[in-house]
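The residues making up each chain are set out below.
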Amino acid sequence: MQNALTIDAARSAIQQRTTTAKALAETFYAEIEKDDPQIGAYLTLSKDRAFAKAAEIDALAEKGEPLPPLGGVPVGIKDVMVTRGVRTTAGSKILGNYIPPYDCTAVARLEAAGAVVLGKLNCDEFAMGSSTENSAWHPVHNPRDLSRVPGGSSGGSAAAVAADMAVATLGSDTGGSIRQPASFCGVVGLMPTYGRVSRYGLIAFASSLDHIGPLTKTVRDAAIVLRTVAGRDPMDATSAEVLVPDYVAELEKPVRGLKLGVPKEYFGAGLDPDVKNSVEAAIQKLAELGCEIVPVSLPHTKYAIPTYYIVATAEASSNLARFDGVRYGYRASDARTLSEMYRRSRDHGFGAEVKRRIMLGTYALSAGYYDAYYLKAQKVRTLLVRDFEEAFKKVDAIVTPTSPTAAFKLGEKVDDPLAMYLADIFTVTADLAGIPGISVPCGETKENLPIGLQILGKHFDEATILRVAHAYEQSA
Amino acid sequence: MFAALPVYIRMKVTEKDVAYVADLANLELTGDERARMLRDLNSILEYVDRLNELDTKDVPPMAQVSDRYGVDESKTGSARFAYASREDILEGLRKSLPHEVALQNAPDTDGTFFKVPKVIER
């Protein structure tokens, strides 16, 4: 574990000249070459881009100039974020040869802060999945137990951090896709408030639910990455004009006196007993640190998954209409008419789960079913948001398990879409409500599989959930 | 929490619906895929039906969350999101992509336009 480095450790090693950004990138590429054939986290390596950035940072270090906050830090990017000149597939065959002509804002901001982008990370096709088994290229294996999934859809992003194949990574979360894999792989995963981080250059799945956020080894690193990528971006009209606080400085504020809500709906049937024990022990620990534990209720919780799968698929069916074989992406070669070309390109280019969601979403939006499904789901979404608004009148943050179970086996749920969807049961509500959430490791099952504690916060109050997560992490 | 999974499948979606929706979505789907889709959509929609337990007559629908918060709470409607708009000028925030860059990922072009199979059968 020679490179089990945090952001500050990597940066200061380069600053103090005990290593160079180039040498560090080489070490990580060697690690990837050695371990990734068993894990499958990376889809594309961006060595030219990485070494060019490393040279820039090394020149600064040589001159003794202060390095930027992520100076020389090797990072990986989920393959749903576009990178200029570096193949970006969204885990799909339909974008198998796509070379984007521009950069995702979050990636550009990381690089501007000195980060060295090692490559693009595997994920479920168009971020649709909870196990990364829907990648059109190959599945990802959980570094903690290779027979198990890393979670999803940001499975490559979580596995790369867990296996020391990147110091930090970016993932995306539409229904739990940062927090659930973070929990399965034993790393930290943060989904910021909707609008906190620009979605410009994020290949759209469900635009009202998509969030970019970091996966890291420590809560402090998550705060550093968030501070770097957050803030208004004129290229995304939904990115909010809300001041970005110094999340790192905020970490050290005391947690004593904070009120933490525990929703009873998250501790019912279906929760694995080991997960329950670990999460309850973590809540006990937070109480010992001076937090006040307050029982709360989120009464509409059981309606979150059906609401999510209507809203998300409806938006997806619209967003994915752009893949038609005309301007970019795969085109079927045997079509004689335009209409045949659209259909065959999409038929051959999309995988089974993506087609299932396009069909479900199109059905929910179609004449005669719009009111019964889409409009109904939008109304229940209001109820789910009100649940949180009520709870947050009483508490500063809410603590729950991230997922009802630890990592499951590869192949275990691939034939049952509904069982797979239920893996997101504790994470989707935060996406629907637009509130921030973080998953921080909180122990292991009897089979030594990581368990995640989820902390949910008020809109734009990432500082508080990071502070609670940090206090717990430091005490554990 | 998982107890409400469907124990029987009542056919909500028919084969005809699958064909109709596939048509709307610009998908062809093989015979096997259609059969699978019929099964999966029925199973998922059966589960979604639990939303009907809730009376939502007086609940407003929510398309996105950002109207629950904003920079200026005193403003309403589009005025609240005025920060997100810009002057309507030709180049906008930045120059458009050069022509050849915009075409570089296209499966087929004539150097100026995207090429597609003919639209009208003769």
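Note that the structure is predicted; figures quoted are calculated from it, not measured.

**Observations concerning the overall build of chain B**
A tally of regular secondary structure across chain B gives three helices and zero strands. Taken from N to C terminus, the helices and strands of chain B fall in the order α-α-α. Going through the 122 residues of chain B one by one, you find that 16% of them count as buried.

**So, the overall build of chain A**
If you tally the helices and strands in chain A, you get 16 helices and eleven strands. Relative to a compact globule of 476 residues, whose C-alpha radius of gyration would be 23 Å, chain A shows 21 Å and is just as compact. Within chain A, the fraction of its 476 residues that count as buried is 63%. Counting contacts in chain A only where the partners sit at least 6 residues apart, residues at least 24 apart contribute 76% of the total.

**Some remarks on the sheet that holds strand S6 (residues 211–216) of chain A**
All names here are of chain A. Taken in spatial order, the eleven strands of this open sheet run S1-S3-S2-S4-S6-S5-S10-S11-S9-S7-S8, and their pairing is mixed. On the outer flanks of this sheet lie strand S1 (42–45) and strand S8 (292–296), each paired with one strand and no other. Across this sheet, the average inter-strand angle for adjacent strands is 30°, counted without regard to direction. Relative to strand S11 (residues 450–457), strand S9 (residues 397–401) runs antiparallel, the two being bridged by five bridges. Each residue of the ladder has a partner; that of Val 399, found in S11, is Ile 455. Against the sheet, helix H16 (residues 462–475) touches S9, strand S10 (437–444) and S11, its axis set at about 150° to S11.

**Re helix H5 (residues 155–162) of chain A**
Burial of H5(A) is extensive: eight of the eight residues sit out of reach of the surface. Looking one or two residues beyond H5(A), the residue adopting positive phi is Asp164(A), at roughly 55°.

**A look at helix H13 (residues 370–394) of chain A**
Taking 1.5 Å as the rise per residue, H13(A) with 25 residues should run 36 Å; its terminal C-alpha atoms sit 36 Å apart, in good agreement. Lys376(A) marks where H13(A) bends most, by close to 30°. Among the residues of H13(A), those classed as buried are Tyr373(A), Tyr374(A), Lys376(A), Ala377(A), Gln378(A), Lys379(A), Val380(A), Arg381(A), Leu384(A), Asp387(A), Phe388(A) and Phe392(A). On the buried face of H13(A), the contacting elements are helix H10 (304–319), helix H12 (352–365) and helix H15 (428–433) of chain A together with helix H2 (31–48) of chain B.

**Concerning the packing of H10(A) against H12(A)**
All names here are of chain A. Two elements in contact, H10 and H12, have axes separated by 7 Å at closest approach and are oriented at 100°. Overall, the two elements H10 and H12 adopt an arrangement that is roughly perpendicular. Residues Tyr 309, Ile 310, Thr 313, Ala 314, Ala 316 and Ser 317 of H10 lie in contact with H12, whose contacting residues are Arg 357, Ile 358, Leu 360, Gly 361, Thr 362, Ala 364 and Leu 365. Taken together, the residues of the contact of H10 with H12 sort by class into eight nonpolar, four polar and one charged.

**Observations regarding unusual backbone geometry**
Residue and element names in this part refer to chain A. Of note, the amide linkage connecting Gly 152 to Ser 153 takes the cis form, showing an omega dihedral of 10°. Mapped onto the secondary structure, Ser 153 falls in the loop between strand S3 (116–121) and H5. Located in the positive-phi region is Ala 90, a residue other than glycine, with phi close to 55°. Given 31 C-beta atoms within 10 Å, Ala 90 falls into the buried group. Of note in the backbone geometry, Thr 132 takes a positive phi value of approximately 65° without being a glycine. Residue placement: Thr 132 occurs in the loop between S3 and H5.

**Side note on the interface of chain B and chain A**
Residue-level contacts link 51 residues of chain B with 64 residues of chain A. Of all the elements in the fold, those that place two or more residues in the side of chain B that touches chain A are helix H1 (15–24) and H2 of chain B. Sort the elements by how many residues they give to the side of chain B that touches chain A and H2(B) lands first, with seven residues.

**Considering the nonpolar core**
Residues and elements named next belong to chain A. One finds Val 75, Val 116 and Leu 466 to be the most contacted residues of the largest nonpolar core, which totals 169 residues. It is H10 that provides the largest number of residues to this core, a total of nine residues. When near neighbours in sequence (up to four residues on either side) are disregarded, Leu 466 contacts Val 219, Ala 222, Ala 223, Tyr 247, Glu 250, Leu 251 and Ile 438.

**Structural notes on the packing of H10(A) against H2(B)**
With their axes 9 Å apart at the nearest point, H10(A) and H2(B) run at an angle of 125° to one another. In this view, H10(A) runs oblique relative to H2(B), as classed from their interaxial angle. When H10(A) is examined against H2(B), the residues Pro306(A), Tyr309(A) and Ile310(A) are found in contact with a partner set consisting of Ile44(B), Tyr47(B) and Val48(B). Looking at the contact of H10(A) with H2(B) residue by residue, the class counts come to six nonpolar, no polar and no charged.

**Topic: the pairing of strand S2 (residues 74–78) of chain A**
Along any regular strand the residues' side chains alternate between the sheet's two faces. All names here are of chain A. For S2, the buried fraction is high: five of the five residues fall into the buried class. Burial along S2 is two-sided: Pro 74, Gly 76 and Lys 78 and Val 75 and Ile 77, pointing in opposite directions, are all buried. Examined bridge by bridge, S2 and S3 share five bridges and lie parallel to one another. The partner of Ile 77 across the bridge, within S3, is Lys 120.

**Thoughts on the environment of Pro107(B)**
With respect to the secondary-structure elements, Pro107(B) resides in the segment after helix H3 (99–103). When near neighbours in sequence (up to four residues on either side) are disregarded, Pro107(B) contacts Gly325(A) and Arg331(A).

**Looking at the pairing of S9(A)**
All names here are of chain A. Buried residues dominate S9, accounting for five of its five residues. With two bridges connecting them, strand S7 (residues 259–263) and S9 associate as parallel partners. Its bridge partner lying in S9, Leu 260 is registered against Ala 397.

**Side note on the environment of Gly361(A)**
Residues and elements named next belong to chain A. Along the polypeptide, Gly 361 turns up in helix H12. Gly 361 sits 73 residues away from Glu 288 along the chain, and the two C-alpha atoms are 46 Å apart. Residues within four places of Gly 361 in sequence aside, it is in contact with Thr 313, Ala 314, Ala 316 and Ser 317.

**Examining the confidence of the model for chain B**
Residues and elements named next belong to chain B. Summing up the model confidence of chain B, the mean pLDDT is 83 and the portion of residues at 70 or higher is 83%. The weakest mean pLDDT in chain B belongs to H3 at 94; the strongest belongs to H1 at 96. Counted against residues more than four places away or in other chains, residues 1–9, with its pLDDT under 50, gives 18 contacts. Reported confidence for the predicted complex is 0.92 by ipTM and 0.95 by pTM.

**Describing the environment of Phe388(A)**
All names here are of chain A. Its location among the elements puts Phe 388 in helix H13. Exposure remark for Phe 388: the 26 C-beta atoms within 10 Å place this residue in the buried category. Once the C-alpha coordinates of Phe 388 and Lys 53 are considered, the two residues, 335 residues apart in sequence, prove to be 43 Å apart. Residues contacting Phe 388, with those up to four places away along its chain left out, are Leu 298, Ala 433 and Ile 435.

Rules behind the numbers
Residues numbered from 1 in each chain as written. Chains lettered and ligands numbered in written order. Predicted model: local features only at pLDDT ≥ 70, side-chain atom pairs only at ≥ 80, totals over all residues. Helix = DSSP H or I, 4+ residues; strand = E, 2+ residues; numbered from the N terminus. Buried ≥ 20, exposed ≤ 12 C-beta atoms within 10 Å, placed from the backbone. Rg over C-alpha atoms; globule rule 2.2 N^0.38 Å. Contact = placed C-beta atoms within 7 Å. Pairing = 2+ DSSP bridges. Axes fitted to C-alpha atoms, helices over the stretch in contact; angles between N-to-C directions. Expected span 1.5 Å × (residues − 1). Bend = angle between axes of the 7 residues up to and from the residue. Parallel < 35°, antiparallel > 145°, perpendicular 65-115°, else oblique. Nonpolar A, V, L, I, M, F, W, Y, C, P; charged D, E, K, R; others polar. Core = buried A, V, L, I, M, F, W, Y, C linked by C-beta atoms within 7 Å. pLDDT = per-residue confidence, 0-100.

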